[in-house]
Amino acid sequence: MRDRRHPAYWGFVLHRASGVALALFLPLHFWALGQAIHGAAALDGFLRLVDHPLFTLAEWGLVVLLALHLAGGLRVMALEFLGWRHRQKDLVAASAGFAFGIGMMFLLHVG
Amino acid sequence: MKVRIQRDGGMAEYAVAARASQTVLDVVTEIQREQAPDLAYRFACRVGMCGSCAMEVNGVARWTCRTHVSRVVGADGVLELRPLANLPVIRDLVTDMAPFFEKWSRAGGQFVPKDGVVPAEFAVVPPASPQRREADAGIECIGCGVCYASCDIVSWNADYLGPAAMNRAWTLVNDERDGARAGRLRAVAGDAGCHSCHSTQGCTERCPKGLDPSGAIAGLKRTIFWGLA
Ligand code: SF4
Ligand code: SF4
Ligand code: FES
């Protein structure tokens, strides 16, 4: 097996996995918006469903995914455009911390 | 200590006494001298200069002559040795480095003097100039192939030039005496070149000389992106 046991690789995996997960979510997102075509009642009906705690949890996951992907993207841009080198590990940690922070902020906001 | 070695017939197991300051290469040599005279492996300098002794040690590519057993042996006291990944195996722990070096030349790894002639006088390159520093950062490569064996893209795309070849190309791109800049940038800009790198930094993480091929590749990407050819 190829050697992948280092933080920069995990950073890459998190970035990629969050990207794929977000891409999978998109059709759902469009479908929900599409409910508006069937009139305000249909959309409202759907949005009431969304008040369920399970949805809040899923929403929290979504925000974390977005934050992860954003932070991962910023990390790659810093590496490739600004030529940052030696602080790569700290960058991965900072990205993860950023995602975690956004997740927590969202939780507080909901609570 | 238990040593498992990937040999042509499968995994072979040996028992070797643990000694103070023992390197992985010491262990392989002891096995070859005293237990398995037909074991094939490669080394030359034993001091981290020639780049010939690299192997996979417990799943991580390393230069074995400068790797102390105590630092890498598993918690179970096992040392597992395999030939370098991403390269064809000739026999036992010996890999064929030809594809690796062939890619160096494909990436434009040769110095080409400006105007085709080496000037009679030494070129004066100020040591503090940014380009000289970039070149310096990558120049100590010993061609061990550790980075190449640690890179996913190399295993996914057989044509991928790989970290060491592009590290060399970046060194030359920053060499102000060199005259083949444009062609070299074209050579590394293809599908098998710098744009395929995912910046996972396996190469940088594992390079025993502490070089940063990942950063070099980022430099190539940047140079091509801004059209500085
Ligand atoms: S940074 Fe690029 S060249 Fe280095 S190991 Fe990762 S994919 Fe390979
Ligand atoms: S860049 Fe480092 S790991 Fe790669 S071949 Fe050169 S010395 Fe070895
Ligand atoms: S034997 Fe020369 S680098 Fe290890």
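### Some remarks on the side chain of B:Arg7
All names here are of chain B. Checked against the element boundaries, Arg-7 lands in strand β1 (residues 2–7). Residue classification places Arg-7 among the buried residues on the basis of a relative accessible area of 14%. A distance of 3.1 Å separates the side chain of Arg-7 from the side chain of Asp-92, its partner in a polar contact. Leaving out residues up to four positions away in the same chain, Arg-7 has contacts with Ala-12, Tyr-14, Ala-36, Asp-38, Leu-39 and Asp-92.

### A short note on the pattern of salt bridges
Residues and elements named next belong to chain B. Scanning the model with the defined rule gives 14 salt bridges over all chains in all. Salt-bridge contacts for Arg-4 lead to Glu-13; the nearest nitrogen and oxygen are separated by 3.6 Å. The closest approach of N and O atoms between Arg-4 and Glu-80, which form a salt bridge, is 3.7 Å. Taken together, the residues span a long stretch of sequence, with Arg-4 in strand β1 and Glu-80 in strand β5 (residues 78–82) at a distance of 76 residues. A cluster of three or more residues bridged by salt bridges with shared partners is formed by Arg-4, Glu-13, Glu-80 and Arg-82.

### Description of the nonpolar core
As a rule of thumb, nonpolar side chains are buried together in soluble globular proteins. Residue and element names in this part refer to chain B. The biggest cluster of nonpolar side chains holds 57 residues, and the ones touching the most others in it are Ile-31, Leu-79 and Leu-81. It is helix α7 (residues 163–173) that provides the largest number of residues to this core, a total of six residues. Once residues within four sequence positions are removed from consideration, Leu-79 is found in contact with Met-1, Lys-2, Val-3, Arg-4, Val-24, Val-27, Val-57, Asn-58, Val-69, Val-72 and Val-73.

### Remarks on the environment of A:Ile102
Residues and elements named next belong to chain A. Looking at where Ile-102 falls in the secondary structure, it is placed in helix α4 (residues 88–110). Among the residues examined, Ile-102 registers a relative accessible area of 26% and is labelled partly exposed. It is 9.3 Å that separates the C-alpha atoms of Ile-102 and Leu-66, two residues lying 36 residues apart in sequence. Once you skip the residues sitting within four places of it in the chain, Ile-102 turns out to touch Val-63 and Ala-67.

### Notes on the layout of surface pockets
All names here are of chain A. By volume, the largest pocket is sized at about 410 Å³. In terms of lining, the largest pocket is formed by 13 residues, of which the most central are Phe-25, Leu-28, Phe-46, Val-50 and Phe-55. Elements supplying a minimum of two residues to the lining of the largest pocket: α1 (7–34), α2 (40–49) and α3 (53–81). Its residues placed into classes, the lining of the largest pocket shows 11 nonpolar, one polar and one charged.

### What about the interface of chain A and chain B?
Listed as interface residues are 19 residues of chain A and, on the opposing side, 31 residues of chain B. Of the roughly 2,000 Å² buried between chain A and chain B on both sides combined, carbon and sulfur atoms contribute 44%. Applying the counting criterion to the chain A and chain B interface returns three salt bridges. Between A:Glu80 and B:Lys221 there is a salt bridge whose closest N-O contact spans 2.5 Å. Inspection of the region where chain A meets chain B yields nine residue pairs in polar contact (both at pLDDT 80 or more). A class-by-class count of the residues in the side of chain A that touches chain B yields seven nonpolar, three polar and nine charged.

### Let's talk about the site of ligand 2
Near ligand 2 lie 13 residues; those nearest to it are B:Cys141, B:Cys144, B:Gly145, B:Cys147 and B:Cys207. The class makeup of the residues in the shell around ligand 2 is 10 nonpolar, two polar and one charged.

### Describing the site of ligand 1
Residues and elements named next belong to chain B. Taken together, the neighbourhood of ligand 1 is formed by 13 residues, with Cys-151, Cys-197, Thr-200, Gln-201 and Cys-203 sitting nearest. Of all the secondary structure elements, the ones that give two or more residues to the shell around ligand 1 are α9 (202–206) and α10 (213–225). For the shell around ligand 1, the per-class residue count stands at seven nonpolar, six polar and no charged.

### A short note on the confidence of the model for chain A
When pLDDT is averaged along chain A, the result is 83, and 92% of the positions lie at 70 or above. Per-element averaging of pLDDT across chain A places α4(A) at the bottom with 77 and α1(A) at the top with 90.

### Things to note about the packing of helix α8 (residues 181–189) of chain B against α10(B)
Residues and elements named next belong to chain B. Closest axis-to-axis distance for the α8/α10 pair is 11 Å, and the angle between their directions is 110 degrees. Judged on the interaxial angle alone, α10 and α8 are roughly perpendicular. Of the two possible hands of crossing, α8 and α10 adopt the one that is left-handed. The segment α8 lies against α10, with Arg-181, Leu-185, Val-188 and Ala-189 engaging Leu-220, Thr-223 and Ile-224. Partitioned by chemical class, the residues of the contact of α8 with α10 number five nonpolar, one polar and one charged.

### Structural notes on the sheet that holds strand β3 (residues 54–57) of chain B
Residues and elements named next belong to chain B. Sheet architecture is open: five strands sit in the order β2-β1-β5-β3-β4, paired in mixed fashion. Looking along the sheet, the strands with just one partner apiece sit at the ends: β2 (10–15) and β4 (60–63). Across the sheet, the mean angle from the axis of one strand to that of its neighbour is 30 degrees, orientation sign disregarded. Taken together, the six bridges between β1 and β2 define a ladder with antiparallel strand orientation. Note that in β2 the partner of Arg-4 across the bridge is Glu-13. Relative to the sheet, helix α1 (residues 24–34) contacts β1, β2, β3 and β5, its axis offset from that of β5 by approximately 80 degrees.

The rules behind each value
Residues numbered from 1 in each chain as written. Chains lettered and ligands numbered in written order. Predicted model: local features only at pLDDT ≥ 70, side-chain atom pairs only at ≥ 80, totals over all residues. Heavy atoms only, no water. Helix = DSSP H or I, 4+ residues; strand = E, 2+ residues; numbered from the N terminus. Buried < 20%, exposed > 50% of the residue type's maximum accessible area, 1.4 Å probe, protein only. Polar contact = N/O pair within 3.5 Å; in protein donor to acceptor, adjacent residues only side chain to side chain. Contact = heavy atoms within 4.5 Å. Salt bridge = Lys/Arg side-chain N within 4 Å of Asp/Glu carboxyl O. Core = buried A, V, L, I, M, F, W, Y, C linked by side-chain atoms within 4.5 Å. 1 Å grid on protein atoms, 1.4 Å probe; cavity = no way out; pocket = protein on both sides within 12 Å on 5 of 7 lines; lining within 4 Å. Points joined across faces, edges and corners; volume = space filled by probe spheres on them. Nonpolar A, V, L, I, M, F, W, Y, C, P; charged D, E, K, R; others polar. Buried area = accessible area lost by both parts, 1.4 Å probe. Near = heavy atom within 4 Å. pLDDT = per-residue confidence, 0-100. Axes fitted to C-alpha atoms, helices over the stretch in contact; angles between N-to-C directions. Parallel < 35°, antiparallel > 145°, perpendicular 65-115°, else oblique. Left-handed = near helix turned anticlockwise from the far one by under 90°. Pairing = 2+ DSSP bridges.

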